[in-house]
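Structure assessment
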Amino acid sequence: MFQGARHSMERSSRFADPTYWESRYDLASSEPNIALSLSASCDDAHYDWYIDYGVAPSSALRNILLAHAPPASHPRVIDVGCGDSSLTRSMQSDGYAVLGVDIAPSAAVSQIGSSFVHCSAAALPLAAGCLDIAIDKGTLDAIMCGGQESRALSTQVLGEIARVLAPGGWCMSISWACPEERVPLLLEGMPGCGGVRAHRLLASTRNGYNGQRHHYVYACRLGAELSKAPAWTAMPAAAAAAA
């Protein structure tokens, strides 16, 4: 194995370690930010991986969510592994009621003004069927960096997501993983899923990771089959407003 490839794997494996995230979100920590190449945007208080939920102008992620699950019919949302993202705050401006959960208690500092619970995504302290949308924005990707046990933990997390979603609820998983890798995992972890629609978004140059230039939004509906629309949709970020 080339030295550079080995170093990349060692760096990535840290993402599966909860102590890394606790250190990262701790404002007093001097932990270097080794994940800048994965981010979509950041400001003084928030840091968004992959793609943010921009309102003005409307982002590709926002367009997809509003098309599949508008707040009028799907108001109750959980952001699984919210970290210091601005997602909860941004979605609230559209009328969603959003709960952020994270395994790192220090993430609460960035979620002031939003609902936040410190917990493991594999053991959500919520009643069954109490939510309409679950969003995973990079959380499964981080877990899957953990080696041999990562798939079992990922399916456990997906099982919890399926448990707290009401019938007809949506799981939105944002990832670098291609459909050949991610769709089987989603269907395995959520056997009640009626299908998965993959939206491929063109990443900006600064968001490339390991040579990849796309990320995906996987839309999975629980307890209901998807419409007859194509299950695979490829769109550049600039054209996603038409989705």
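Described in the following lines is the structure provided in the data block.

Moving on, we get to the nonpolar core. I161, L186 and M190 are the most contacted members of the largest nonpolar core, which totals 28 residues. Not counting the four nearest positions on each side in its chain, L186 is found in contact with L140, L158, S173, V196, Y218 and C220. Counting residues in hydrophobic clusters, the runner-up holds 26 residues, among them I64, Y96, W170 and L201.

Next up on the list: the packing of helix α6 (residues 150-164) against helix α7 (residues 179-189). α7 packs onto α6 with a crossing angle of 55° between their chain directions and a minimal axis gap of 8 Å. By the angle class used here, α6 and α7 are oblique. Crossing angle aside, the handedness with which α6 passes α7 is right-handed. Of α7, the residues touching α6 (which contributes R151, S154, T155, L158 and G159) are P184, L185, L186, E188 and G189. Here the contact of α6 with α7 is built from residues that sort into 4 nonpolar, 4 polar and 2 charged.

Turning to the environment of E22, a few remarks are in order. Structurally, E22 can be placed in helix α2 (residues 18-25). Along the chain, E22 and P105 lie 83 residues apart, while their C-alpha atoms are 6.8 Å from each other.

For the structure shown, the criterion picks out 2 aromatic pairs. Both rings, one in Y50 and one in W176, keep their centres 5.5 Å apart while their planes meet at 80°; by these two values the pair is edge-to-face. Separated by 126 residues along the polypeptide, Y50 in the loop between β2 (47-49) and α3 (60-68) and W176 in the loop between β7 (165-175) and α7 bring together distant segments of the chain. For the pair shown, Y50 and W176 are each scored as buried. Seen in terms of ring centroids, Y216 and Y218 are 5.8 Å apart; in terms of plane orientation they differ by 20°. Their pairing is stacked. The same class applies to Y216 and to Y218, which are both buried.

Glancing now at the state of the cysteines. A complete count under the given rule lists 0 disulfides for this structure. Not engaged in a disulfide, the cysteine C193 finds its nearest cysteine sulfur in C220; these two sulfurs lie 4.6 Å apart. Of the residues examined, C193 reaches a relative accessible area of 12% and is grouped as buried.

The next subject is the side chain of D141. Position of D141 among the secondary structure elements: in helix α5 (residues 139-143). Judged by its relative accessible area of 12%, D141 falls in the buried class. A distance of 3.1 Å separates a polar atom in the side chain of D141 from the backbone nitrogen of W176. A polar side-chain atom of D141 sits 3.0 Å from a polar atom in the side chain of R182. Setting aside residues up to four positions removed in sequence, D141 forms contacts with Y50, I174, S175, W176 and R182.

What counts and how
- Residues numbered from 1 in each chain as written.
- Predicted model: local features only at pLDDT ≥ 70, side-chain atom pairs only at ≥ 80, totals over all residues.
- Heavy atoms only, no water.
- Core = buried A, V, L, I, M, F, W, Y, C linked by side-chain atoms within 4.5 Å.
- Buried < 20%, exposed > 50% of the residue type's maximum accessible area, 1.4 Å probe, protein only.
- Contact = heavy atoms within 4.5 Å.
- Axes fitted to C-alpha atoms, helices over the stretch in contact; angles between N-to-C directions.
- Helix = DSSP H or I, 4+ residues; strand = E, 2+ residues; numbered from the N terminus.
- Parallel < 35°, antiparallel > 145°, perpendicular 65-115°, else oblique.
- Left-handed = near helix turned anticlockwise from the far one by under 90°.
- Nonpolar A, V, L, I, M, F, W, Y, C, P; charged D, E, K, R; others polar.
- Phe/Tyr/Trp six-rings, centres within 6.5 Å; stacked < 30°, edge-to-face > 60°.
- Disulfide = S-S within 2.5 Å.
- Polar contact = N/O pair within 3.5 Å; in protein donor to acceptor, adjacent residues only side chain to side chain.

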